[in-house]
Amino acid sequence: MNNTKKLASISEFENLANRCISAKSKDIAVISVCCGTGCTASGALDVLARLREEIEKRKLDTTTDTLFTGCHGFCERGPLVVIRNLKGNKNIFYQQVKPEDVAEIISETVLTGKIIGRLLYIDPTTKNKIISEEELPFYKNQKRLLFGSNGKIDPTSIEYYIAIGGYSALGKVLTSMTPQRVIEEIKKSGLRGRGGAGFPTGRKWESCRKAVGDSPNSGTLHTTGYVICNADEGDPGAFMDRSLLEGNPHSVLEGMIIGAYTIGVKLGYIYVRNEYPLAVKHFSIALQQAREHGLLGENILGTDLSFDIKINRGAGAFVCGESSALRASIEGRVGEPSVKYIHATEKGLYNMPTVLNNVKTWASVPLIINNGADWFSSIGTEKSKGTMIFSLVGKINNTGLVEVPMGITLREMIYNIGGGIPGGKKFKAVQTGGPSGGCIPEKLLDLPVDYEALTQAGSMMGSGGMIVMDEDTCMVEVARYFLAFTQDESCGKCTPCREGTKHMLKILTNITKGKGREGDIELLEEIGNMVKDTALCALGNSAPNPALTTIKYFRDEYESHINQKKCPAKVCKSLIKYSVITDKCNGCHLCFVKCPEKAITGTAKKPHIIIREKCVKCGICFDVCKQDAIKIE
Amino acid sequence: MKDIFNKYEKKDENILGLLEDIQTEFNYLSEENIRKVAEAFGVPLSRIFGISTFYKSFSLTPKGKHIIWVCSGTACHVRGAPKISDRLTQLLGIEPGGTTPDNQFTLETVNCLGACALGPLVVIDGKYHGKMSVDKIEKLLQDYK
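(A) Fine view of the interface of chain B and chain A. Between chain B and chain A, the residue contacts involve 41 residues of the former and 63 residues of the latter. Across the interface of chain B and chain A, roughly 3900 Å² is buried in total on both sides, 51% from carbon and sulfur atoms. Of all residues in chain B, the largest losses of buried area upon contact with chain A belong to Glu13, Phe54 and Thr74 of chain B, amounting jointly to 17% of the total for that side. The interface formed by chain B and chain A holds eight salt bridges in total. Measuring nitrogen to oxygen at the nearest pair gives 2.5 Å for the salt bridge that ties Lys56 of chain B to Glu489 of chain A.

Written as structure tokens, this is what we have:
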């Protein structure tokens, strides 16, 4: 299969595709191991290595194959192992697999077809053990169009991608669609920018195509314009773009090549966060393989299309996810945004027509070309079409990446897919849109997830972070956290954002420290609305959102911090005290041993006492007490 | 240093990549290296200095032997990351961003490492330690001392 001969025509590509399909549909069992960042951090690579050793030792390599894959999404239960194509079984989903389990998986499951009960997922409501991936509540309620292939392909091998129909959309476009026809199709599909703003992709492409002019694809690399993939995923708590690049890089690449053909440009850039080394590695391998196969470079598949892509790594500046700052950063300057009197589609990177789209937007393009605009627009709501990937994190049972049709309610996502809140705690809010978004309270849980509905609630779609908070989360502290983030990341170019966020943070910090004053809430609202209206870029325009929405929906929490000097969620250190519940304390002495400040006294088997003057409120005693005898008030 | 320099064509769009490689190789950007980059690309020293201080990945002072990242992404934050970094500050005697006087540890908070299922998350020298607690962190630190 190691045929790296450059494909010189569409028919040569089709031959290769047929060979890939038959090579990958051999009748042998495939054990795929999720090697996304989450599973790798919990030991997936060791599991994979042990599997390979065991298969070699038992000489099973003709009947059993292993597969290194990207993120499957169900991070909570990692490392994940899925066995497919085993005789008599659809597929078997094992979770929290350890290297020690490997020998048994081979001897029991692979050789004799027995299922190992302890590695199965147990449905928390029905207590049933679930065997196959498709039946898991976590996956069952999703619609995994972009993400579904992640578990089935090796992201470092182009053959796997081609075997599942990869690059056939490019073939279709090059043989039977004019650029105008592609633009019509994308417009008709209703695809909107997945980076958060939701601008119609087809319209963006159309206006850039016009700006490129009558002689697209002519001249040198730098004389037409550019396409850019924005993979500077900076929102804390969001990692779906990374997982897509790590798990299925060719899908993003194929989207970009189709974009280049349609818009008529010869060079593309992908701007990736430097904190994502695996994504950079997998995308670089994908680029290399695409070049070797003639899918990138001069005369792609023997046609007139020439296009190549460069990788630029970010350097840890959140503001560079903003399109004009990102362009400045690619040009080798400080990543400051600029005023957008002229659209980037006319004068963008190096003052040339530029289309910048998010990772998920690019990856949606091949799907639309292959399945048609009508199919895509049949999914979702009136104005928001297709699916969206969210990272569902925070105080939630099933942390992971979920792909859902637009229009699903927040409640369905949090309870049916996410499995609700851990520890029987009460739901308080869900934060969408990262530091630019807002907190949505329980009464709005039946809100459909689409661009307009979220904006109306004071939040936004953003790039897809969804952080669930329970009753133990202090909303004032959360607002302070986000303002600390945006204040730190503010580039300092425009005054409203530079000064406004600083003052908002100061007021919020004072409130959490018990130094809040009457009038602080109104002042926060006043400054917030001013920053929103006057800041230069989207970072500043949206920075006040976390504060403004928490005031709107959780004003009582602000008031009790300011008026009663109390933190209802018992989070803000300055407003809480730790003490021992004498009736419950059995004098086990554990807290005495663990307290780093020696702030606990007492003799064995007698109730202990916390010396308030010495206590630094680190919370260790609360964590270690087995009798629940420490209270926070 | 020569190898890193030769990797890149001397075009402005490669400045960031080059500085990143220098940072990775030497753990910081020395004045000497910043001067070299400015000279090689034919741009004012002030511009390279501006870039070096604007982007978070770069440091103008050497970092410690072990680099501790406390993930302060939202998911880790609501699961108690501030308590972990407070405890580390207490144990090491340095604030986030600081390096211990013996140059053994640098403590940093990072925005999000995208392993939210493991939160609160601490990464030491690239190794992930998930579901951290104020109690466990002290033991973990001992392994690196």
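(B) Here's a closer look at the domain arrangement of chain A. Residues and elements named next belong to chain A. Each assigned domain of chain A is listed here: domain 1 (28–84 + 92–131), domain 2 (158–377), domain 3 (387–470), domain 4 (475–564) and domain 5 (577–632). Counting residues at the interface gives eleven residues for domain 2 and nine residues for domain 4. Its largest share of buried area at the contact with domain 4, domain 2 owes to Pro236, Phe318 and Pro337, together 50% of the area lost on that side. Viewed at the interface, domain 4 and domain 2 are joined by zero salt bridges. At the boundary of domain 2 and domain 4, one finds two residue pairs in polar contact (both at pLDDT 80 or more).

(C) The arrangement of the packing of aromatic side chains in detail. A full pass over the atoms with the stated rule returns 15 aromatic pairs over all chains. Residues Phe54 of chain B and Tyr55 of chain B carry aromatic rings whose centres are separated by 5.0 Å and whose planes lie at 80° to one another, so their mutual orientation is edge-to-face. A relative accessible area of 1% places Tyr55 of chain B in the buried class. Linked through ring pairs, Phe74, Phe93, Tyr121, Phe138 and Tyr139 of chain A together constitute an aromatic cluster. Over the ring of Tyr160 of chain A we find Lys24 of chain A, and its NZ or CZ is 4.1 Å from the ring centre. Over the ring of Tyr276 of chain A we find Arg242 of chain A, and its NZ or CZ is 5.3 Å from the ring centre.

(D) Local environment of the nonpolar core. Counting residues in hydrophobic clusters, the biggest one holds 151 residues, and the most contacted among them are Tyr94, Tyr167 and Leu253 of chain A. Sorting elements by how many residues they give to this core places helix 11 (residues 249–263) of chain A first, with eight residues. Each residue touching Leu253 of chain A, except ones within four places of it in the same chain, is listed here: Tyr167, Phe283, Ala286, Leu287, Ala290, Leu296 and Ile309 of chain A. Within the second largest apolar cluster, 31 residues are counted, among which are Met352 of chain A together with Ile15, Leu16 and Val37 of chain B.

(E) Molecular detail of the state of the cysteines. Residues and elements named next belong to chain A. If you walk through the whole model with that rule in mind, you get zero disulfides over all chains. Of all cysteine sulfurs in the structure, the one in Cys75 sits closest to Cys71, which takes part in no disulfide; the separation is 4.3 Å. Residue Cys71 is classed as buried on the basis of its relative accessible area of 5%. Sulfur of Cys625: no disulfide; nearest cysteine sulfur belongs to Cys588 and is 6.2 Å away.

(F) Examining the layout of surface pockets more closely. Residues and elements named next belong to chain A. By volume, the second largest pocket amounts to about 1400 Å³. In terms of lining, the second largest pocket is formed by 47 residues, of which the most central are Gly196, Ala197, Ser323, Lys340 and Ala538. Those elements that place two or more of their residues in the lining of the second largest pocket are helix 9 (201–212), helix 13 (323–330), strand 10 (354–358) and helix 21 (538–542). Of the residues that constitute the lining of the second largest pocket, the class distribution is eleven nonpolar, 24 polar and twelve charged.

(G) Inspection of the sheet that holds strand 1 (residues 66–71) of chain B at higher detail. Residues and elements named next belong to chain B. Reading across the sheet, the four strands line up as 2-1-3-4 and stay open at both edges, with mixed pairing between neighbours. Since the sheet does not close on itself, it has two edges, and those belong to strand 2 (105–110) and strand 4 (127–129), each with one partner. Adjacent strand axes in the sheet meet at a mean angle of 25° when their direction is disregarded. Here strand 3 (residues 122–124) pairs with strand 4 via three bridges, running antiparallel. Note that in strand 4 the partner of Val122 across the bridge is His129. Running at roughly 150° to strand 1, helix 6 (residues 81–92) makes contact with strand 1, strand 2 and strand 3 of the sheet.

(H) Main features of the environment of Ile330 of chain A. Looking at the element boundaries, Ile330 of chain A is found in helix 13. The class for Ile330 of chain A is buried, based on a relative accessible area of 0%. Considering only alpha carbons, one finds Ile330 of chain A and Glu633 of chain A, 303 residues apart in sequence, at a separation of 51 Å. Ile330 of chain A has contacts with Ile228, Tyr269, Tyr271, Asn312, Leu349 and Tyr350 of chain A together with Glu13 of chain B, leaving out every residue within four places of it along the chain.

Basis of the calculations
- Residues numbered from 1 in each chain as written.
- Chains lettered and ligands numbered in written order.
- Predicted model: local features only at pLDDT ≥ 70, side-chain atom pairs only at ≥ 80, totals over all residues.
- Heavy atoms only, no water.
- Contact = heavy atoms within 4.5 Å.
- Buried area = accessible area lost by both parts, 1.4 Å probe.
- Salt bridge = Lys/Arg side-chain N within 4 Å of Asp/Glu carboxyl O.
- Domains from an automatic or database assignment.
- Polar contact = N/O pair within 3.5 Å; in protein donor to acceptor, adjacent residues only side chain to side chain.
- Phe/Tyr/Trp six-rings, centres within 6.5 Å; stacked < 30°, edge-to-face > 60°.
- Buried < 20%, exposed > 50% of the residue type's maximum accessible area, 1.4 Å probe, protein only.
- Lys NZ or Arg CZ within 6 Å of the ring centre and 35° of its normal.
- Core = buried A, V, L, I, M, F, W, Y, C linked by side-chain atoms within 4.5 Å.
- Helix = DSSP H or I, 4+ residues; strand = E, 2+ residues; numbered from the N terminus.
- Disulfide = S-S within 2.5 Å.
- 1 Å grid on protein atoms, 1.4 Å probe; cavity = no way out; pocket = protein on both sides within 12 Å on 5 of 7 lines; lining within 4 Å.
- Points joined across faces, edges and corners; volume = space filled by probe spheres on them.
- Nonpolar A, V, L, I, M, F, W, Y, C, P; charged D, E, K, R; others polar.
- Pairing = 2+ DSSP bridges.
- Axes fitted to C-alpha atoms, helices over the stretch in contact; angles between N-to-C directions.

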